[in-house]
Amino acid sequence: MSSSIETTYQSARERYAAIGVDTDRAIEAVGQVAISMHCWQGDDVGGFETSAGLTGGGIQATGNYPGKARTADELRMDADKAMSLIPGKHRFNLHSMYAETGGKRVERNALAPEHFSGWLDWAKSKSHWARL
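Scope of this entry: the structure provided in the associated data block. These numbers were taken from a predicted model, which means no experiment stands behind them.

Conventions adopted
Residues numbered from 1 in each chain as written. Predicted model: local features only at pLDDT ≥ 70, side-chain atom pairs only at ≥ 80, totals over all residues. Heavy atoms only, no water. Helix = DSSP H or I, 4+ residues; strand = E, 2+ residues; numbered from the N terminus. Buried < 20%, exposed > 50% of the residue type's maximum accessible area, 1.4 Å probe, protein only. Contact = heavy atoms within 4.5 Å. Areas by Shrake-Rupley, 256 points an atom, 1.4 Å probe, with all protein chains shown as cover. Core = buried A, V, L, I, M, F, W, Y, C linked by side-chain atoms within 4.5 Å. Pairing = 2+ DSSP bridges. Polar contact = N/O pair within 3.5 Å; in protein donor to acceptor, adjacent residues only side chain to side chain.

Thoughts on the overall build of the chain
Okay, so step 1: Scanning the chain from terminus to terminus reveals four helices and two strands.
Okay, so step 2: Helices (α) and strands (β) of the chain occur, in sequence order from the N terminus, as α-α-β-α-β-α.
Okay, so step 3: Split into buried and exposed, the 132 residues of the chain put 25% on the buried side.
Okay, so step 4: For the chain, restricting intrachain contacts to residue pairs at least 6 apart in sequence, the fraction spanning at least 24 positions comes to 62%.
Okay, so step 5: If you sum the accessible surface of the chain, you get close to 9100 Å²; carbon and sulfur atoms cover 56% of it.

Comments concerning the nonpolar core
Okay, so step 1: If you look at the biggest cluster of nonpolar residues, it comprises 17 residues, and the most contacted ones within it are Phe48, Leu75, Phe92, Tyr98, Trp119 and Trp122.
Okay, so step 2: Mapped by element, the contributors of at least two residues to this core are α3 (72–84) and α4 (117–124).
Okay, so step 3: Apart from residues lying up to four places away in sequence, Leu75 is in contact with Cys39, Gly42, Asp43, Phe48, Ala69, Tyr98 and Trp119.

Brief notes about the pairing of strand β2 (residues 90–93)
Okay, so step 1: Only one face of β2 is buried: it carries His90 and Phe92, and the other face, with Arg91 and Asn93, is open.
Okay, so step 2: Bridging between strand β1 (residues 35–38) and β2 involves four bridges; their strand directions are parallel. Bridge pairing links Met37 to Phe92 in β2.

Brief notes about the side chain of Arg76
Okay, so step 1: Tracing the sequence through the fold places Arg76 in helix α3.
Okay, so step 2: Here Arg76 falls in the buried class, since its relative accessible area comes to 8%.
Okay, so step 3: Among the polar contacts made by the side chain of Arg76, one reaches the side chain of Asp73 at a distance of 2.7 Å.
Okay, so step 4: In this structure the side chain of Arg76 is engaged in a polar contact, spanning 2.9 Å, whose partner is the side chain of Glu100.

Here's what the structure looks like:
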């Protein structure tokens, strides 16, 4: 498979070169851009406030697809995989509805840093992420 990918890329590189595009330079430039991933991209704006997710719609960007993240751990694993395939530095945007409350209902105005400690530990472990 690797050989077929390399052959295909070589063909694409030649086609782009014919119109003046240096693909190696383009890939290098993309590697300098910080890519932001939003938490809701991994679970269709469901969050973890209730086991039912959001009610009333929301963006519904991806639908009820099989395999979508059901827990914060699954979402972190999915984000890790996606980011491993994207060159460059990364950012992860997190919304309050992704707090980890141990299954207890916590009003958003009562959320505290400990409800995000799993996310903080995960983010701190990412040396290839963009820093503010």
